Amino acid sequence: MSSSGTLRIRVDSDKCQGNARCKSLAPELFELDEWGYAREIGDGTVPAGLEDKAWLAQANCPEIAIAIVEE
Ligand code: SF4
């Protein structure tokens, strides 16, 4: 597993329960839709320097709805 690749996050909308924990931990990476469910901002690419926040949000999602892939 490379540690130098760009990370990309993706929220599984079928699993997300909308408690917004991800957004409170990483507001740069997640936004809420009009029903309060989370989605990744833009195409989900994690800007340099925000990788730790991405992993933190993923680890704290109680629904295991956040996937992170390294590209
Ligand atoms: S922490 Fe998980 S379940 Fe909660 S809003 Fe974010 S993606 Fe959805």
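Right, let's walk through the structure included here. The shown structure was predicted, so the numbers you read here are calculated from the model rather than taken from an experiment. (Residues numbered from 1 in each chain as written. Predicted model: local features only at pLDDT ≥ 70, side-chain atom pairs only at ≥ 80, totals over all residues. Heavy atoms only, no water.)

## What to know about the site of the ligand
Link 1 in the chain: The ligand sits among Val11, Cys16, Gln17, Gly18, Asn19, Ala20, Arg21, Cys22, Ala38, Cys61, Glu63 and Ile66.
Link 2 in the chain: Of the residues assigned to the shell around the ligand, the class counts are seven nonpolar, three polar and two charged. (Near = heavy atom within 4 Å. Nonpolar A, V, L, I, M, F, W, Y, C, P; charged D, E, K, R; others polar.)

## Some points on the pattern of salt bridges
Link 1 in the chain: Throughout the structure, instances matching the rule amount to five salt bridges.
Link 2 in the chain: The salt bridge partner of Arg39 is Glu31, with a shortest N-O separation of 3.1 Å.
Link 3 in the chain: Glu31 gets classed as partly exposed once you look at its relative accessible area, which sits at 29%.
Link 4 in the chain: Within this structure, Arg8, Asp43 and Glu71 form a network of salt bridges that share partners. (Salt bridge = Lys/Arg side-chain N within 4 Å of Asp/Glu carboxyl O. Buried < 20%, exposed > 50% of the residue type's maximum accessible area, 1.4 Å probe, protein only.)

## A look at the pairing of strand E1 (residues 7-11)
Link 1 in the chain: Burial along E1 is one-sided: Leu7, Ile9 and Val11 are buried, and none of Arg8 and Arg10, which face the opposite way, are.
Link 2 in the chain: With five bridges connecting them, E1 and strand E4 (residues 66-70) associate as antiparallel partners. Bridging across to E4, Leu7 finds its partner in Glu70. (Helix = DSSP H or I, 4+ residues; strand = E, 2+ residues; numbered from the N terminus. Pairing = 2+ DSSP bridges.)

## What to know about the side chain of Glu40
Link 1 in the chain: Relative to the elements of secondary structure, Glu40 occurs in strand E3 (residues 38-40).
Link 2 in the chain: Since its relative accessible area comes to 15%, Glu40 is described here as buried.
Link 3 in the chain: Beyond its immediate stretch of four places on either side in the chain, Glu40 contacts Ile9, Arg10, Val11, Leu29 and Glu31. (Contact = heavy atoms within 4.5 Å.)

## Focus on the environment of Ile41
Link 1 in the chain: Locating Ile41 in the fold gives a position in the loop between E3 and helix H2 (51-60).
Link 2 in the chain: Between the alpha carbons of Ile41 and Glu31 there is a distance of 6.0 Å; along the sequence they are ten residues apart.
Link 3 in the chain: Not counting residues within four places of it along the chain, the set of residues in contact with Ile41 comprises Pro27, Glu28, Leu29, Phe30 and Glu31.

## Re the side chain of Asp33
Link 1 in the chain: Of note, Asp33 is situated in the loop between strand E2 (30-32) and E3.
Link 2 in the chain: One buried charge, Asp33, has no salt-bridge partner; the nearest side chain with opposite charge is Arg39, at 5.0 Å.
Link 3 in the chain: A polar atom in the side chain of Asp33 sits 2.9 Å from the backbone nitrogen of Trp35. (Lys, Arg positive; Asp, Glu negative; His and termini not counted. Polar contact = N/O pair within 3.5 Å; in protein donor to acceptor, adjacent residues only side chain to side chain.)

## Some words on the environment of Asp52
Link 1 in the chain: Mapped onto the fold, Asp52 is located in helix H2.
Link 2 in the chain: Look at Asp52 and you get exposed, because its relative accessible area is 65%.
Link 3 in the chain: C-alpha separation for the pair Asp52 and Ala26, spaced 26 residues apart in sequence, amounts to 9.5 Å.

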